Amino acid sequence: LESADGGFSLALSGQGQFRYIYNQRSNAPGTGIDDGDNLAGFQLRRMKLKGKGHIADPKVSYSFSLASNRDSNNTGLESFTLGYKFDNGVALKAGRFKAPFAFDELTSSSRQQAVERSLVNEQFTTGHTEGIQVEFKPVDDLKVKAMFSDGANAGEGGNGDFNETPADLAVTVRGDYTIGGSKGFAKDYTSWVEDEMGINIGAAVHHEVAKTGVNQATGTLDAFTRLTVDALYNNAGLSLFGAVYFETQDAVTGGVESDPFGLLAQAGYTIDDTWEPFVRYEFIDTDVAGADEINVITAGVNYYLKKHSAKFTVDGVFALDPLTGISVSDGLGLQPDAPGEDGQFALRAQFQLLF
Amino acid sequence: LESADGGFSLALSGQGQFRYIYNQRSNAPGTGIDDGDNLAGFQLRRMKLKGKGHIADPKVSYSFSLASNRDSNNTGLESFTLGYKFDNGVALKAGRFKAPFAFDELTSSSRQQAVERSLVNEQFTTGHTEGIQVEFKPVDDLKVKAMFSDGANAGEGGNGDFNETPADLAVTVRGDYTIGGSKGFAKDYTSWVEDEMGINIGAAVHHEVAKTGVNQATGTLDAFTRLTVDALYNNAGLSLFGAVYFETQDAVTGGVESDPFGLLAQAGYTIDDTWEPFVRYEFIDTDVAGADEINVITAGVNYYLKKHSAKFTVDGVFALDPLTGISVSDGLGLQPDAPGEDGQFALRAQFQLLF
Amino acid sequence: LESADGGFSLALSGQGQFRYIYNQRSNAPGTGIDDGDNLAGFQLRRMKLKGKGHIADPKVSYSFSLASNRDSNNTGLESFTLGYKFDNGVALKAGRFKAPFAFDELTSSSRQQAVERSLVNEQFTTGHTEGIQVEFKPVDDLKVKAMFSDGANAGEGGNGDFNETPADLAVTVRGDYTIGGSKGFAKDYTSWVEDEMGINIGAAVHHEVAKTGVNQATGTLDAFTRLTVDALYNNAGLSLFGAVYFETQDAVTGGVESDPFGLLAQAGYTIDDTWEPFVRYEFIDTDVAGADEINVITAGVNYYLKKHSAKFTVDGVFALDPLTGISVSDGLGLQPDAPGEDGQFALRAQFQLLF
């Protein structure tokens, strides 16, 4: 879609994800509630309209994504970026977008292997924020992104204004080193049959200094640092992935610090670029008093009509421990547990269309 | 608007409805409020942006509609559908869309005869929900749609998530039998001068089992069933329509059941495809204790500049009885009455543009 | 983007404004809060998607603007217009749009000289409302717009419905008389180097009768009238602008009336159509008991990559007096002061892209 002016461009695209979810929770003992806390229903998980283009000089680019809320139906501006690319390959990006931290978060929701991202990602992700990023390649095969931002998840809605940022200062740096592989193989987990052997090794750090002094309202932390290291292996249909996450906190005087730790391992195998069985294991130690360590296993299969553009996915999530001490989104098909419960199971069936 | 890929398509369109409304209510006796409770103002009733297209194979289609709220201005995802058409004509549709129940609701807001749908429709409609529909033709001229969904109005915003659905199970089935008529004549009420004689007879049932056990929160019903039967007659400018509605409820233990009944009759005549006077009669027996039976007469005229794409409509709504015991939306230009009031009158003038 | 139909047209465009804002307030004496109430952060101030076109006959036109909220991310329908142009040049416009009052408000946010409109404009603007406008030229070089509407700011969200309008009646009339000047020079403040000498003299009045009788809820005014007079001078890079604002109020019985007054003066000079230093002075006498008169100075510079389509702006706002007795939006990078404070300073850096 080229505009009349000639110097501008605008390309529109979209994403839809429609799901059926069945969630079975055990009930808390002692609440007097009998068995049968099972909930099921349809969910229009994502519907996004995206645009991108350049103005006059292709060096100056922009992109946006409008996303609709699965519950309220409200449409919000998920991301908006302004980009400038220098002749030496250095790229600047400003606006609202994801801080360069966790691989699972940075992999588009449209290119996931499972129906939804991992629970461990929800715990450690820095989400969308607002700020400025510089991207460069110090050596071939190594890409480095560094972002100065308003803090983790500061662009997720509700605290977007300059005077409502959670942090006085936040810096996120991620490096990705690539060995071999087909072009862009690390944009998803999946290895297609025709893909060459490729390895992507990533490491990232996010450091955030919370608001201090008179501006510190309800927060309980002075600062925190998150670390992640991950590796992806792709080869002719086989994909292996592993990641570790760690956070260390600096509480306000008298506050409680916790140092959560997480683990993610994932494997899939593509048959004829059509069927892809996969399995995922997650571990979260929330380091919150009274909360169990959490083990989650997800297993399922993709049926690709046209790679990620039209695919059907079914998986089952087995939370072996009660989901307490962490934030649990029904966007994952999961629900919070009360302490002492037995864990839960979710069956998720999804059709995705990219247009 | 064909995308660069070649295998995708995206067509954009839109709808705008701008109104001036004057509403005159009598006041409740005994409230101490004097005469003069008249309210008037402009209303941007609807502004929708719509898209539709197919991907790769025209068998795989999608559509979406973004609609802005007349009060808050917020834009929400009104509908999103994923479709698949088999070679034998059977069509699957999944996503958020209207359950196949009332003719008045299924007729697009852009193709109504009056400024707005009927009040009786608001009472019995199943609205937008989320689910899966199958459409097929058991015999020529008979089209059947069956939908499994999250329950009536479960896609209208605020309860879209899988664990917030009003129903454990909801099924809606509608059949439409056509005798003669110009192609697509039953997409609106209006008969154009060049139209051949056509009759559309429809019948639909919606059955919903509310959430039970520990998941039943504030609801007062265990289940309910709605029925409707309608007939449309079109012939060279003359249009006649009639519909009946009935609901039977199964309350929770100790709850109150009501079995409301409704009636809709509508007639219009198109002169030169330019002017179209019309009249509509509605009757609602809410079966709610203390609420009157409701009789409403609407009369008005359309002036078509370019059929429904550019039209001007003026009508008057005469509510002969107080509007109590039902939900009354100001989207219709009406307002709730207190028991004992005298009914109300609304004058509505609208310009509509489709683009 | 011409639609398949041939008789319709739709052109899409957009606007993005991304800012970094540093705000320094003095603290209220006696509150026990120590020094250091400084807040800084990024702000995605505006992201708008706009569409416009005509249907069948170019005489019938429409336009819309979807704008995202800088804080909640929610996208709303900022404006929607339906237009009709008669052969004699008289133009009708209906829908949600800005009432023709203050020059600063009517100048697009994409064409401002400073990072943001003035504070005095926020005080006196009539904002977006809903209604009908007629535009005509009684003599050459004089353009008159008259609008009947639901009242000042009645289209800004939250009171858009017909029965929630703030006014029983509102009329806004503005005249603009042009002497010389390049075509469309008064669409912005900036004078480009190639521009001929041009003067635009404007005057406007807005009169609003608040809801009366039983419909008057929390309002304290029976009616108010606002006046503004402004003049713009453009000549080969030099731009000068001045405006005065005045309001007179008619309070309900026992209510408090205030007659606020405001002043705006602005000057800029374009060097090589690339750099444009500018300075702005504002004065507001809120006429509210206990509130100081407010003096604000803004100074900064534009760097144009492609006129307003791609520009970088930095300015500083020096509020010499505490911002009390008025509504202060963080959209301006400013924050409310408590009485007795010392005023505040805001540094604002913005990149804007139009696409």
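Just above, that's the structure.
Residues numbered from 1 in each chain as written. Chains lettered and ligands numbered in written order. Predicted model: local features only at pLDDT ≥ 70, side-chain atom pairs only at ≥ 80, totals over all residues. Heavy atoms only, no water.

In terms of helices and strands, chain A carries two helices and 16 strands. Here chain A has a C-alpha radius of gyration of 21 Å; the compact-globule value for 355 residues is 20 Å, and the two agree. Counting over 355 residues, chain A shows a buried share of 54%. Counted over contacts in chain A with a minimum sequence separation of 6, partners at least 24 positions apart contribute 59%. Carbon and sulfur atoms make up 56% of the accessible area of chain A, which amounts to about 13,800 Å² in all. Each charge class in chain A was averaged separately, 28 positive and 48 negative side chains, and the resulting centres sit 9 Å apart. (Helix = DSSP H or I, 4+ residues; strand = E, 2+ residues; numbered from the N terminus. Rg over C-alpha atoms; globule rule 2.2 N^0.38 Å. Buried < 20%, exposed > 50% of the residue type's maximum accessible area, 1.4 Å probe, protein only. Contact = heavy atoms within 4.5 Å. Areas by Shrake-Rupley, 256 points an atom, 1.4 Å probe, with all protein chains shown as cover. Lys, Arg positive; Asp, Glu negative; His and termini not counted. Charge placed at Lys NZ, Arg CZ, Asp CG, Glu CD.)

A separate point is the environment of B:Lys93. All names here are of chain B. Position of Lys-93 relative to the elements: it lies in strand β5 (residues 91-98). Residue Lys-93 is classed as partly exposed on the basis of its relative accessible area, which comes to 30%. Each C-alpha atom, one on Lys-93 and one on Ser-309, is 27 Å from the other, the two residues being 216 residues apart in sequence.

Many authors give the size of an interface as the accessible area that is lost as the parts come together. Between chain C and chain B, the residue contacts involve 40 residues of the former and 37 residues of the latter. Taken together, the connections running from chain C to chain B amount to one salt bridge. With a closest N to O distance of 2.7 Å, C:Asp161 and B:Arg70 form a salt bridge. For the pair chain C and chain B, the interface holds ten residue pairs in polar contact (both at pLDDT 80 or more). Listed by contribution, the elements that provide at least two residues to the side of chain C that touches chain B are β3 (57-68), β4 (75-85), β5 (91-98), β6 (128-139) and β7 (142-149) of chain C. Its residues assigned to classes, the side of chain C that touches chain B shows 18 nonpolar, 15 polar and seven charged. (Salt bridge = Lys/Arg side-chain N within 4 Å of Asp/Glu carboxyl O. Polar contact = N/O pair within 3.5 Å; in protein donor to acceptor, adjacent residues only side chain to side chain. Nonpolar A, V, L, I, M, F, W, Y, C, P; charged D, E, K, R; others polar.)

Turning to the relation of the copies chain C and chain B, a few remarks are in order. Superposition of chain C onto chain B requires a rotation of 120 degrees combined with a translation of 0.0 Å along the rotation axis, giving an RMSD of 0.0 Å. A rotation of that kind, with that shift, is consistent with a three-fold axis. Distance from the rotation axis, computed per C-alpha, reaches its smallest value in chain C at C:Thr75: 3.3 Å. Comparing interface residues between copies, only 10% of those in chain C also sit at the interface in chain B, which points to a heterologous contact through distinct surfaces. (Least-squares fit on C-alpha atoms with pLDDT ≥ 70 in both.)

This structure, assessed with the given rule, holds 39 aromatic pairs over all chains. An angle of 55 degrees between the planes, with centres 4.8 Å apart, marks the rings of B:Trp275 and B:Tyr303 as tilted. One end of the pair, B:Trp275, is in strand β13 (residues 275-285); the other, B:Tyr303, is in strand β14 (residues 294-306), and 28 residues separate them in sequence. Three or more aromatic residues joined by ring pairs form one cluster here, namely A:Phe18, A:Tyr20 and A:Phe42. Its guanidinium or amino end placed over the ring of A:Trp192, A:Lys307 lies 4.8 Å from that ring's centre, counting from NZ or CZ. (Phe/Tyr/Trp six-rings, centres within 6.5 Å; stacked < 30°, edge-to-face > 60°. Lys NZ or Arg CZ within 6 Å of the ring centre and 35° of its normal.)

All right, on to the pairing of strand β8 (residues 167-180) of chain A then. All names here are of chain A. Bridge count for strand β7 (residues 142-149) against β8 is eight bridges, and the pairing is antiparallel. The partner of Leu-142 across the bridge, within β8, is Tyr-177. The sheet contact formed by β8 and strand β9 (residues 198-210) spans 13 bridges and is antiparallel. When the bridges of β9 are listed, Gly-175 appears paired with Ala-203. (Pairing = 2+ DSSP bridges.)

Looking now at the pattern of salt bridges. All told, the structure shown has 45 salt bridges over all chains when counted by the stated rule. Of the charged contacts in the structure, one is a salt bridge between A:Arg45 and A:Glu116, with a shortest N-O distance of 3.0 Å. Residue A:Arg45 is found in strand β2 (residues 38-55), and its partner A:Glu116 is found in the loop between α1 (103-106) and α2 (119-124); the two are separated by 71 residues along the sequence. Residue classification places A:Glu116 among the buried positions, given a relative accessible area of 2%. Ionic pairing is found between C:Arg226 and C:Glu247, a salt bridge with its closest N-O pair at 2.6 Å. Taken together, the positions of C:Arg226 in strand β10 (residues 221-235) and C:Glu247 in strand β11 (residues 238-251) put the pair 21 residues apart, joining distant regions of the chain. For the pair shown, C:Arg226 and C:Glu247 are each scored as buried.

Right, let's talk about empty space enclosed by the protein for a bit. Take a probe with the size of a water molecule and roll it over the atoms, and the empty space left behind shows itself. By the definition in use, this model includes five cavities of 30 Å³ or more. When its volume is computed, the largest cavity comes out at roughly 310 Å³. Around the largest cavity, the lining is made up of 21 residues, and of these A:Leu12, A:Leu49, B:Leu12, C:Leu12 and C:Leu49 lie nearest the centre. Looking at the lining of the largest cavity, the elements that each hand over two or more residues are β1 (11-25), β2 and β3 (57-68) of chain A, β1 (11-25), β2 (38-55) and β3 (57-68) of chain B together with β1 (11-25) and β3 of chain C. (1 Å grid on protein atoms, 1.4 Å probe; cavity = no way out; pocket = protein on both sides within 12 Å on 5 of 7 lines; lining within 4 Å. Points joined across faces, edges and corners; volume = space filled by probe spheres on them.)

This part is about a positive patch on the surface. A cluster of basic residues, A:Lys52, A:Lys85, A:Arg111, A:Lys137, A:Lys143, A:Lys183 and A:Lys187, forms a positive patch on the protein surface. Tracing the chain through its elements places A:Lys183 in the loop between β8 and β9. (Patch = residues over 30% accessible without salt bridge, like charges linked within 9 Å, V, L, I, M, F, W, Y side chains within 5 Å.)

This next bit is on the relation of the copies chain B and chain A. Each copy superposes on the other: chain B lies on chain A with an RMSD of 0.0 Å after a rotation of 120 degrees and an axial shift of 0.0 Å. The overlap is low: 10% of the interface residues of chain B also sit at the interface in chain A, so different surfaces are used on the two sides.

Looking now at unusual backbone geometry. A positive phi angle, close to 65 degrees, is found at A:Asp272, a residue other than glycine. Locating A:Asp272 in the fold gives a position in the loop between β12 (261-269) and β13 (275-285). Even without being a glycine, C:Asn153 presents a positive backbone phi close to 65 degrees. Relative to the helices and strands, C:Asn153 resides in the loop between β7 and β8 (167-180).

On to the pairing of β11(C). All names here are of chain C. Burial along β11 is one-sided: the face carrying Ser-239, Phe-241, Ala-243, Tyr-245, Glu-247, Gln-249 and Ala-251 is buried and the face carrying Leu-238, Leu-240, Gly-242, Val-244, Phe-246, Thr-248 and Asp-250 is not. Here β10 pairs with β11 via 14 bridges, running antiparallel. Bridge pairing links Asn-235 to Leu-238 in β11. Joining the antiparallel neighbours β10 and β11 is a turn of two residues, in which Ala-236 adopts a positive phi near 50 degrees. Bridge count between β11 and strand β12 (residues 261-269): nine bridges; the pairing is antiparallel. Bridging across to β12, Ser-239 finds its partner in Gly-268.

Moving on: a negative patch on the surface. Residues and elements named next belong to chain A. Where like charges cluster on the molecular surface, the negative patch consists of Asp-250, Glu-257, Asp-259 and Asp-287. Along the chain, the position of Glu-257 falls in the loop between β11 (238-251) and β12. A relative accessible area of 44% means that Glu-257 is categorised as partly exposed.

A separate point is the interface of chain B and chain A. Each partner contributes residues to the interface: chain B has 40 residues there, and chain A has 37 residues. Of the roughly 3,200 Å² buried at the junction of chain B and chain A (both faces included), carbon and sulfur atoms supply 68%. Remark: the boundary between chain B and chain A carries one salt bridge. Mapped by element, the contributors of at least two residues to the side of chain B that touches chain A are β3, β4 (75-85), β5, β6 (128-139) and β7 (142-149) of chain B. (Buried area = accessible area lost by both parts, 1.4 Å probe.)

Everything listed here is a matter of coordinates, which is why it stays silent on function.
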